[in-house]
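Here is what each chain is made of, one letter per residue.
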Amino acid sequence: MKQQHRVLGMLALLSIITYVDRVCIAVAGPRMQEDLQISPQAWGWVTSVFFLSYSAFEIPSGVLGDRIGPRRVLTRIVLWWSAFTSLTGMVSSYSSLLLVRFCFGMGEAGAYPNASTVIARWIPPQKRARAWGIVWMTSQIGAASAPLLVVPIQARYGWQASFYVFGLVGVMWAAVWYTWFRDTPAEKPGVTAAERQEIGTQPAAPHGMPWRPALGNPQLWRITGIGACYVYALGFYQSWLQTYLVRGHGYTEAALVLSSLPYIVGGCANGVGGFASDWLVRRYGLRMGRRMLGVVGLSTAAMFMAATIVTTSGTWALVFLSLAYAGILVQQPNLCAVCLDTGRKHAGAVFGFMNTAANAASAVSSVVFGYLVAYFGSYNAPFVPMVAMLCLGTLLWLKVDPTKELFEAERPLRATAAIAV
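Calculation notes
Residues numbered from 1 in each chain as written. Predicted model: local features only at pLDDT ≥ 70, side-chain atom pairs only at ≥ 80, totals over all residues. Heavy atoms only, no water. Helix = DSSP H or I, 4+ residues; strand = E, 2+ residues; numbered from the N terminus. Rg over C-alpha atoms; globule rule 2.2 N^0.38 Å. Buried < 20%, exposed > 50% of the residue type's maximum accessible area, 1.4 Å probe, protein only. Contact = heavy atoms within 4.5 Å. Areas by Shrake-Rupley, 256 points an atom, 1.4 Å probe, with all protein chains shown as cover. Salt bridge = Lys/Arg side-chain N within 4 Å of Asp/Glu carboxyl O. Phe/Tyr/Trp six-rings, centres within 6.5 Å; stacked < 30°, edge-to-face > 60°. Lys NZ or Arg CZ within 6 Å of the ring centre and 35° of its normal. Polar contact = N/O pair within 3.5 Å; in protein donor to acceptor, adjacent residues only side chain to side chain. Patch = residues over 30% accessible without salt bridge, like charges linked within 9 Å, V, L, I, M, F, W, Y side chains within 5 Å. Axes fitted to C-alpha atoms, helices over the stretch in contact; angles between N-to-C directions. Parallel < 35°, antiparallel > 145°, perpendicular 65-115°, else oblique. Nonpolar A, V, L, I, M, F, W, Y, C, P; charged D, E, K, R; others polar. Core = buried A, V, L, I, M, F, W, Y, C linked by side-chain atoms within 4.5 Å. Expected span 1.5 Å × (residues − 1). pLDDT = per-residue confidence, 0-100.

Participant: Quick one: what's the story with the overall build of the chain, residue by residue and with numbers?
Facilitator: Within the chain one finds 19 helices and zero strands. A compact globule built from 421 residues would reach a C-alpha radius of gyration of about 22 Å, and the chain, at 20 Å, matches this within 12%. Across the 421 residues of the chain, 61% fall into the buried class. Within the chain, residue pairs in contact and separated by at least 24 positions form 85% of the contacts whose partners lie at least 6 positions apart. Within the structure as shown, the chain displays about 15,200 Å² of accessible surface, and the carbon and sulfur contribution to it stands at 68%.

The structure is reproduced here in structure tokens:
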């Protein structure tokens, strides 16, 4: 097995752990709200504060990974968030929960920007979208596993125990990563000359980021806008899905295992999206290939999210939400590949910039959801702005041109650098 495949396997495992830890609180949410006497509006802040701190530290963590290497940065990230995952199980008040979740978001920030740096350094250009597809697909395996793991644990030992277990798993991953991984193929024993040639050379980012040409480039803002639009809707699945099913459609705690369905469907969509993106690029070129998948994905998601609003069936609501999730996630690795296409040696910083705005949007979404539920007395009302954001994201995809590099005054990329076999 090539070393690049082992590296991708470690990133996939990291992605599973990331989403198990992240979705754990959503699954435990109904019990936590009852035990700690937390209202819908207040719970919106519990989920939002994670995304606020997560977004605030995205860019610094991405730049740091580009500069000193993802080996050390990812080790720090995983150890930090694992500690605060465990501490979540120790909270006894609303204020302490807010503080712990804020620190949890600080720790987890930079996980995916640094994964972007790893992919840029270790995966050949023509395989990067599918690599992102695998990473995101396995994140949904983690999300799908969370209800199956958390519900039995909290039913027998209480909701606190699940946080202790998952915190320990993260520490184990960090130990293996730091011991085994190296920042570049040249530093890693066992990488053959043929594999190094296949991967190519990805130069390290220089000190000082050339932000001026990038910030003046409308394309960066289009990419960022797409991220914000789709993650505004995506945040619902990480923060409110289980509460919505229990409070909005009368699901029992035992029936919450069915909430794995969106993540299973979404995981398949992530995998398909990564391979489809690379295939479309080979067939139609870099610009049209990336655009087509983005437009189809978000427009489909908007349609099924709108269907969720009008149905009165709890079963059909879960089916429509699963299909909307698939539409969102089929284009997710595609957008990540665009960050690499346009960011090049600053891929971690570009991904971090986009993901900062995306998670800020998710923070807003989490709070807005709770307040709209309280104001309208309905769990369907918050889906209206989600549909609007998905439609806006669809329009932005029509303007994205991944053939142009952000940090060099829109210098066109050679098509062969992005898609050559």
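Participant: For the environment of leucine 318, give the residues involved together with the corresponding values.
Facilitator: With respect to the helices and strands, leucine 318 occurs in helix α15 (residues 314-330). With ten residues separating them in the primary sequence, leucine 318 and threonine 308 have C-alpha atoms 8.1 Å apart. When neighbours within four sequence positions are excluded, leucine 318 is seen to be in contact with Leu245, Tyr251, Leu258, Leu261 and Pro262.

Participant: Account for the pattern of salt bridges, with residues named and values stated.
Facilitator: Summed over the entire model, instances satisfying the criterion amount to six salt bridges. In this structure, glutamate 198 and lysine 127 form a salt bridge, with 3.0 Å as the shortest nitrogen-oxygen distance. With glutamate 198 in helix α9 (residues 193-199) and lysine 127 in the loop between α6 (111-122) and α7 (128-157), this residue pair connects regions lying 71 residues apart in the sequence. As a salt-bridge pair, aspartate 401 and arginine 287 come within 3.2 Å of each other at their nearest N and O atoms. Of this pair, aspartate 401 sits in the loop between α18 (383-397) and α19 (415-419) while arginine 287 sits in helix α14 (residues 286-310); the two residues are 114 residues apart in sequence, bridging distant segments of the chain. In this structure aspartate 401 comes out as buried when scored by relative accessible area, which is 9%. Overlapping salt bridges, with partners in common, bring together Arg130, Asp278, Arg290 and Asp341 in one network.

Participant: Mind laying out the packing of aromatic side chains, listing which residues take part and the relevant values?
Facilitator: Tallied over the entire structure, the rule returns 25 aromatic pairs. Ring plane angle 15° and centroid distance 5.0 Å describe the contact between tryptophan 173 and tryptophan 177, whose orientation is recorded as stacked. With tryptophan 173 and tryptophan 177 both in helix α8 (residues 159-180), this residue pair falls four residues apart, about one helical turn. By relative accessible area, which is 0% here, tryptophan 177 ends up buried. Of the aromatic side chains, those joined through ring pairs into one cluster are Phe236, Tyr237, Trp240, Tyr244, Tyr263, Tyr325, Phe369, Tyr379 and Phe383. The positively charged end of arginine 71 is found above the aromatic ring belonging to tyrosine 178, 4.0 Å away from the centroid.

Participant: Which residues make up the side chain of serine 55, and what values do they have?
Facilitator: Examined against the element boundaries, serine 55 turns out to sit in helix α2 (residues 40-56). With a relative accessible area of 6%, serine 55 lands in the buried category. A distance of 2.9 Å separates a polar atom in the side chain of serine 55 from the backbone oxygen of leucine 52. Discounting residues that sit within four places of it in the chain, serine 55 has contacts with Thr356, Asn359 and Ala360.

Participant: Account for a nonpolar patch on the surface, naming residues and giving values.
Facilitator: Among the surface-exposed residues, Leu79, Leu168, Val171 and Met172 lie close enough to one another that they form a single nonpolar patch of about 370 Å² accessible area. Looking at the nonpolar patch, the element that brings in the most residues is α8, giving three residues. Take methionine 172: it is sitting in helix α8.

Participant: Residue-level account of the packing of helix α13 (residues 261-284) against helix α16 (residues 332-343), with values.
Facilitator: At their nearest, the axes of α13 and α16 sit 7 Å apart, and the two run at 45° to each other. The pairing of α13 with α16 is recorded here as oblique in orientation. Contacts from Asn270, Gly273, Gly274 and Ser277 of α13 reach α16 at Gln332, Pro333 and Asn334. Considering only residue class, the contact of α13 with α16 consists of one nonpolar, six polar and no charged.

Participant: Can you lay out the nonpolar core for me, pointing to particular residues and giving the numbers?
Facilitator: With 122 residues, the main nonpolar core has Trp132, Phe236, Tyr237, Met305 and Ile328 as its most contacted residues. Tallying contributions element by element places helix α1 (residues 3-35) first for this core, with 14 residues. Once residues within four sequence positions are removed from consideration, tyrosine 237 is found in contact with Gln242, Pro262, Tyr263, Met305, Leu321, Ala324, Tyr325 and Ile328.

Participant: Tell me about α6, residues and numbers included.
Facilitator: Taking 1.5 Å of rise per residue, twelve residues should cover 16 Å, and α6 covers 16 Å from first to last C-alpha, within 8% of that figure. Among the residues making up α6, those that are buried are Ala111, Tyr112, Pro113, Asn114, Ala115, Ser116, Thr117, Val118, Ile119, Ala120, Arg121 and Trp122.

Participant: Provide a residue-level description of unusual backbone geometry, including the pertinent values.
Facilitator: A positive phi angle, close to 55°, is found at glutamine 37, a residue other than glycine. The exposed category is assigned to glutamine 37, whose relative accessible area is 68%.

Participant: Could you give an account of the confidence of the model for the chain, with specific residues and numbers?
Facilitator: A residue-level look at the chain finds 94% of positions with pLDDT of 70 or above and a mean pLDDT of 85. For the chain, the element scoring lowest by mean pLDDT is α19, at 36; α18 scores highest, at 97. Confidence drops under pLDDT 50 across residues 409-421; counting only partners more than four residues distant or on other chains, this segment forms 28 contacts.

Participant: Give a description of the side chain of serine 82 that names residues and reports values.
Facilitator: Structurally, serine 82 is set in helix α4 (residues 70-88). On the accessibility criterion, serine 82 (1% relative accessible area) is buried. Among all residues touching serine 82, those that are not within four sequence positions of it are Gly167, Gly170 and Val171.

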